Amino acid sequence: MPRTARLTRWSRCLARKVTPDASLISDESYTATNSGGLVYPFEGQAPARGEVLRVAPSLRWARITMPGSLGHINSWLLDDHDGHVAVVDCGLRVPDCADDWKKLFKHGLKGEHISRVFGTHMHPDHIGLAGWLTKKNGIDIWMTRGEMLTARMMVAENENTLPEEMLIAQRRAGWDEAAIEAQREAGWGRMMRVMYPLPKGYHRIMDGDVLDFGKTSWRVVVGSGHSPEHACLWDETNGVLVSGDQVLPRISSNVSVNISEPYADPLGEWLFSIDKLLAVLPDDLLVCPAHGEPFKGLHHRLESLRDEHHARLDRVEAFIREKPARVVDCFGLIFNREISGEQASLATGEALAHLRWLERNGRAQCDEVDGVYWFRAA
């Protein structure tokens, strides 16, 4: 398919109400480097719709159905005071997710009281129903400040016209005029479509907080790069980590430059967070991710993610050393498959993140020529 046609198709897909799971770009190279080093204690045992599975003394697992390629998000149920349950991540504001929660109330939870809702981060597949659950149960949502404020900012962006900043960013990345015009005509998707209104107030959590849940405690461990201030929860007593999207077993979390922070270095934050998690967390934890199955082999996974990103950075640097390149020219070096459809904008953001990292670290320079970024080796 010609590049113009592919970009036009991307624009049409981006205009639809796409599943936020597209923020997670599946990549076989990550799976290949990891598959031998991870252990899945509950492989093939994912709970059915409306059911729960205990995976640790402090934790149960529910799986919430979602549209899109992944088809689910894991909701983790933490035992709380007085026999109550705290919910971590809850799915989109779409019928499939809501139906699964109604089944959980009736079957898996059997009337247990929900005491609080945690959002690991601000993406709508994680907090799309958080407002509904907090309102229904008269409880608080617990999040980091960076995630809550960013969620509020994105929900407030409800204009139908595509922002001029987005068109400028696409042109700078190398999108052609036909694709940009198609994007302009399609309009601007709104996060609020898949988000139940958030409560006005929230309970702020911070890195290092130790949260009392009665029989156990959970420590907040914050990472960044995929989102501004992503919270993981660590039960040190029972050796469990609820990792959200900060650590996933079979797919890589999207790390993108976006129009709200066009000169940021999210990949630098991501790599720093990997080093932080390696230093802070023990290797033998049961890691409970937002997508996929619980696994063991945390350090192997983190090291594989780190090493793969550095290998890709080296490939991009070698490429732009031969001749200057645009962001879209680097897709084949970042991803091991053709990028098309709803993932185009995300791929653009992630490719730019790699180029920005090289620039920040003195390995690349960026020249803007006729509104297009051209990167060359420093």
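Report follows, based on the coordinates. All chains use their own residue numbering, which begins from 1 and follows the written sequence. Residue-level local features of this predicted model are given only where pLDDT is at least 70; pairs of side-chain atoms are given and counted only at 80 or more, and the full residue set underlies all totals for whole chains, interfaces and linings. In computing side-chain values, all of the structure's heavy atoms are included and hydrogens and water are not.

On to the pattern of salt bridges. A side chain of one charge can pair with a side chain of the opposite charge when the charged atoms of the two come close. In what follows, salt bridge is the name for a side-chain nitrogen of Lys or Arg lying within 4 Å of a carboxyl oxygen of Asp or Glu. Under the defined criterion, the tally for this structure stands at 19 salt bridges. Ionic pairing is found between Arg171 and Glu177, a salt bridge with its closest N-O pair at 2.9 Å. Think of it in three bands: residues with accessible area under 20% of the maximum for their type are buried, residues over 50% are exposed, and the middle band is partly exposed, with areas taken using a 1.4 Å probe on protein chains only. Judged by relative accessible area, which is 22%, Arg171 ranks as partly exposed. The residue Arg356 makes a salt bridge to Glu359 at a minimum N-O spacing of 2.7 Å. Of this pair, Arg356 and Glu359 both sit in helix H12 (residues 344-360), 3 residues apart, roughly one helical turn. Under the DSSP-based scheme used, a helix requires at least four consecutive residues in state H or I and a strand at least two consecutive residues in state E, with every element numbered from the N terminus.

This brings us to the sheet that holds strand S14 (residues 286-289). Think of a sheet as strands paired side by side through backbone hydrogen bonds, with each pair either parallel or antiparallel. Note on pairing: two strands pair once DSSP finds at least 2 bridges between them. Pairing is mixed in the open sheet, where 5 strands are placed in the order S9-S10-S11-S12-S14. The sheet is open, and its two borders are formed by strand S9 (210-212) and S14, each paired with just one other strand. With direction set aside, neighbouring strand axes in the sheet form an average angle of 25°. Judged from the 3 bridges that link them, strand S11 (residues 230-235) and strand S12 (residues 240-244) form a sheet pairing that is antiparallel. Note that in S12 the partner of Trp234 across the bridge is Leu241. Axes here mean lines fitted to C-alpha atoms, for a helix over just the part in contact, with angles spanning 0 to 180 degrees between N-to-C directions.

The next thing to look at is the side chain of Ser75. Take Ser75: it is sitting in strand S4 (residues 72-79). Its relative accessible area of 0% is what places Ser75 among the buried residues. Residues adjacent in sequence count toward polar contacts only when both atoms are side-chain atoms; beyond that, a polar contact is any pair of N or O atoms within 3.5 Å, and within protein one must be able to donate a hydrogen and the other to accept it. A polar atom in the side chain of Ser75 sits 2.7 Å from the backbone oxygen of Asp89. We call two residues in contact whenever any of their non-hydrogen atoms come within 4.5 Å of each other. When sequence neighbours within four positions are dropped, the list of residues in contact with Ser75 reads Arg60, Trp61, Ala62, Ile64, Val87, Val88, Asp89, Cys90 and Trp101.

The next thing to look at is the packing of helix H3 (residues 95-108) against helix H5 (residues 130-137). The interhelical angle for the contact between H3 and H5, taken along N-to-C directions, is 35°, at an axis separation of 12 Å. Taken as a pair, H3 and H5 cross one another with a handedness that is right-handed. Of H5, the residues touching H3 (which contributes Ala98, Trp101 and Phe105) are Trp132, Leu133 and Lys136. When the residues that make up the contact of H3 with H5 are grouped by side-chain class, the tally is 5 nonpolar, no polar and 1 charged. A crossing counts as left-handed when the near helix is turned anticlockwise from the far one by less than a right angle, and as right-handed when that turn is clockwise. Under the scheme applied here, ten amino acids are nonpolar (Ala, Val, Leu, Ile, Met, Phe, Trp, Tyr, Cys and Pro), four are charged (Asp, Glu, Lys and Arg), and all others, including Gly, are polar.

The geometry of two aromatic rings is summed up by the distance between their centres and the angle between their planes. Pairing of aromatic side chains here covers Phe, Tyr and the six-membered ring of Trp, requires ring centres within 6.5 Å, and sorts the geometry by plane angle: under 30 degrees stacked, over 60 edge-to-face, intermediate tilted. Taken as a whole and assessed by the stated rule, the structure comprises 8 aromatic pairs. Taking the centre distance of 6.1 Å and the plane angle of 50° together, the rings of Phe105 and Trp132 count as tilted. Separated by 27 residues along the polypeptide, Phe105 in helix H3 and Trp132 in helix H5 bring together distant segments of the chain. Assigned by exposure class, Phe105 and Trp132 land together as buried. It is Arg116 that lies over the ring of Phe213; its NZ or CZ is 4.0 Å from the centre. Any Lys NZ or Arg CZ that is within 6 Å of a ring centre and within 35 degrees of that ring's normal is treated as a charge sitting over the ring. One residue, Arg250, lies across the ring of Tyr40, its end atom 4.1 Å from the ring centre.

Geometric values such as these leave the question of function open.
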